[in-house]
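Chain by chain, the residues:
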Amino acid sequence: MADTQNNLRLFYNDTDITESVDILECVAKDVSGKESDCMNLLVDHADRWFKWGVEKNDKIRATRSGYDTKNLFLNTIAPEDGAFRIYATAAKCAPFEPEWMSYENMTLAGIMAGCAAEGGMGFNLHGINPQILYEYLWRENQRATEFLDQLLNREGAVLKCLNGCFTAIGIGYAQEILCYHSMKIGKGMENAEYIDRRDQAWSSVTIDTPFGKGQAIDAHGKGQAKTFTDLCVDNDGQAKRWARGILLCHNRQNEILNVELDFNPGYTAMVRIDVDSATAAAGNWIVDRVEHDLLAGRTKAKLLRCVTGII
């Protein structure tokens, strides 16, 4: 159902300031992967804005018709034609400098906690075992977000930055949750774009190192077989697990569905959408990223095909 009522509300440090400013633009982005959720605002009445004594990492939040950006943190303010452009992110403003670091006999939860602490963040895990134990991991001059994104992809998960927390979400877990929404797409593909890159799929991934060997096969993949010999694994079990995660994360990128629709608050990263269509777009999808124009009442989303059959 289309959202015809503009009930956009804006909160600053938990105070509703909607009536104190004129909101000229308000676009919220909800993403999976190492990027942070964010909001791009343009507001009028600079004199009122200055009275709030704004500082970096102050909390900003927007809501509309059941959609909630959750707490975002003030990142950048810039004047623009008498108004102010405000950029806020789910990650706090922190250096997150590249680091060389080793992790010995640590769990996934312990590693996430340490990386989150580098930027004053919390952490959560959904659909992935927090007690996965690593005898040894090497972080090679990477920022915390880059390192965690890489590690979680190998474990078949994505990193999402939400509400001041680094959040790990298992892809298999997300694919198996009951779909949020079913949509129909006609042969004309109006307001939808289907991109087929299945010629770039991998049929298998093999990890072959002195410390562990493992292979994963995509029963539906017909592309090339990939072998990795330089990954830091402890044993055959980890090698097999990482091979599955790497294959899953690669092959789920090979079918993309971009859609645009009236504002729909349920479209958030990592929710499942099922498509009824006579076209190749039919089937089950996961939201990878979504952009909500909270003022105009429009939603744009990028969906990735659910991938099953990896063993």
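Heads up: the structure comes first, above all this text.
Summary of the structure given here.

Scoring rules and cut-offs
Residues numbered from 1 in each chain as written. Predicted model: local features only at pLDDT ≥ 70, side-chain atom pairs only at ≥ 80, totals over all residues. Heavy atoms only, no water. Disulfide = S-S within 2.5 Å. Helix = DSSP H or I, 4+ residues; strand = E, 2+ residues; numbered from the N terminus. Buried < 20%, exposed > 50% of the residue type's maximum accessible area, 1.4 Å probe, protein only. Contact = heavy atoms within 4.5 Å. Core = buried A, V, L, I, M, F, W, Y, C linked by side-chain atoms within 4.5 Å. Expected span 1.5 Å × (residues − 1). Polar contact = N/O pair within 3.5 Å; in protein donor to acceptor, adjacent residues only side chain to side chain. Pairing = 2+ DSSP bridges. Axes fitted to C-alpha atoms, helices over the stretch in contact; angles between N-to-C directions. Phe/Tyr/Trp six-rings, centres within 6.5 Å; stacked < 30°, edge-to-face > 60°. Parallel < 35°, antiparallel > 145°, perpendicular 65-115°, else oblique. Nonpolar A, V, L, I, M, F, W, Y, C, P; charged D, E, K, R; others polar.

### Looking at the state of the cysteines
Line of reasoning, step 1. If you walk through the whole model with that rule in mind, you get zero disulfides.
Line of reasoning, step 2. The structure places no disulfide on Cys38, whose sulfur is separated from the nearest cysteine sulfur, that of Cys161, by 10 Å.

### Quick word on the environment of Ile132
Line of reasoning, step 1. By secondary structure assignment, the location of Ile132 is in the loop between strand S10 (122–126) and strand S11 (133–142).
Line of reasoning, step 2. Classification of Ile132 by relative accessible area gives buried; the value is 11%.
Line of reasoning, step 3. Separated by 127 residues in sequence, Ile132 and Val259 place their C-alpha atoms 36 Å apart.
Line of reasoning, step 4. The residues touching Ile132, leaving out its near neighbours within four places in the chain, are Met106, Thr107, Leu108, Glu155 and Arg241.

### Considerations on the nonpolar core
Line of reasoning, step 1. The biggest cluster of nonpolar side chains holds 67 residues, and the ones touching the most others in it are Leu10, Ile60, Ile111 and Phe166.
Line of reasoning, step 2. In this structure, Ile60 is in contact with Leu10, Phe11, Tyr12, Met39, Leu41, Lys70, Asn71, Leu72, Leu74, Ile86 and Ala88, ignoring residues within four places of it in sequence.
Line of reasoning, step 3. In this structure, Ile185, Val271, Val290 and Ala301 belong to the second largest nonpolar core, which totals 17 residues.

### Observations concerning helix H5 (residues 236–251)
Line of reasoning, step 1. A rise of 1.5 Å per residue sets the reference length of H5, with its 16 residues, at 22 Å; its end C-alpha atoms lie 22 Å apart and thus fit the reference within 8%.
Line of reasoning, step 2. Considered for burial, the residues of H5 that qualify are Gln238, Ala239, Trp242, Ala243, Gly245, Ile246, Leu247, Leu248, Cys249 and Asn251.
Line of reasoning, step 3. One side-chain oxygen of the residue at the start of H5 lies 3.1 Å from the amide nitrogen of Gly237, identifying that residue as Asn235.

### Considering the sheet that holds strand S13 (residues 165–170)
Line of reasoning, step 1. The strand order across the open sheet built from three strands is S10-S13-S12, with neighbouring strands paired in mixed fashion. Each end of this open sheet is capped by a strand with a single partner; those strands are S10 and strand S12 (157–162). Sheet twist, expressed as the mean angle between neighbouring strand axes with direction ignored, is 20°.
Line of reasoning, step 2. Relative to S13, S10 runs parallel, the two being bridged by five bridges.

### What about the sheet that holds strand S17 (residues 213–217)?
Line of reasoning, step 1. The strand order across the open sheet formed by three strands is S17-S16-S18, and the pairing between neighbours is mixed. The sheet is open, and its two edges are formed by S17 and strand S18 (224–228), each paired on a single side. Recorded for the sheet is a direction-independent mean angle of 15° between the axes of neighbouring strands.
Line of reasoning, step 2. Here strand S16 (residues 202–208) runs beside S17; their pairing, made up of five bridges, is antiparallel. Each bridged residue has a counterpart across the sheet, and for Val205 the counterpart in S17 is Ala216.
Line of reasoning, step 3. Sitting on the sheet, H5 touches S16, S17 and S18, and the angle it makes with S16 is about 150°.

### Some details on the pairing of strand S20 (residues 272–277)
Line of reasoning, step 1. Most of S20 sits out of view: five of its six residues are buried.
Line of reasoning, step 2. Sheet topology note: the strand S14 (residues 181–185)/S20 ladder contains five bridges and is parallel. In the sheet register, Lys184 faces S20, and the bridge partner there is Asp276.
Line of reasoning, step 3. Direction of pairing for S20 relative to strand S21 (residues 283–293): antiparallel, over a ladder of four bridges. Looking across to S21, one finds that Ile273 is bridged to Trp285.
Line of reasoning, step 4. Where S20 hands over to S21, the hairpin turn is made up of five residues, counted between the paired strands.

### Brief notes about the packing of aromatic side chains
The geometry of an aromatic ring pair is captured by two quantities: the separation of the ring centres and the angle between the planes.
Line of reasoning, step 1. All told, the structure shown has six aromatic pairs when counted by the stated rule.
Line of reasoning, step 2. With a centroid separation of 5.2 Å and 10° between ring planes, the pair formed by Tyr103 and Phe147 is classed as stacked. On the criterion of sequence distance, the pair formed by Tyr103 in strand S9 (residues 99–107) and Phe147 in helix H3 (residues 144–154) is long-range, its members being 44 residues apart. Each member of the pair Tyr103 and Phe147 is classed as buried.
Line of reasoning, step 3. Where Tyr194 meets Trp285, the ring centres are 6.3 Å apart and the plane angle is 85°; that geometry is what we call edge-to-face. A residue pair is termed long-range when its members are at least 10 positions apart, and Tyr194 in strand S15 (residues 192–196) and Trp285 in strand S21 qualify at 91 residues.

### Some points on the packing of H3 against H5
Line of reasoning, step 1. Put simply, H3 and H5 touch, their axes get as near as 6 Å, and they point 105° apart. With respect to H5, the element H3 is oriented roughly perpendicular. Counting all contacts with H3, which are made through Leu151, Asn153 and Arg154, the residues of H5 involved are Arg241, Trp242, Gly245, Ile246 and Cys249.
Line of reasoning, step 2. Looking at the contact of H3 with H5 residue by residue, the classes come out as four nonpolar, two polar and two charged.

Function cannot be read off these values alone, since they describe shape.
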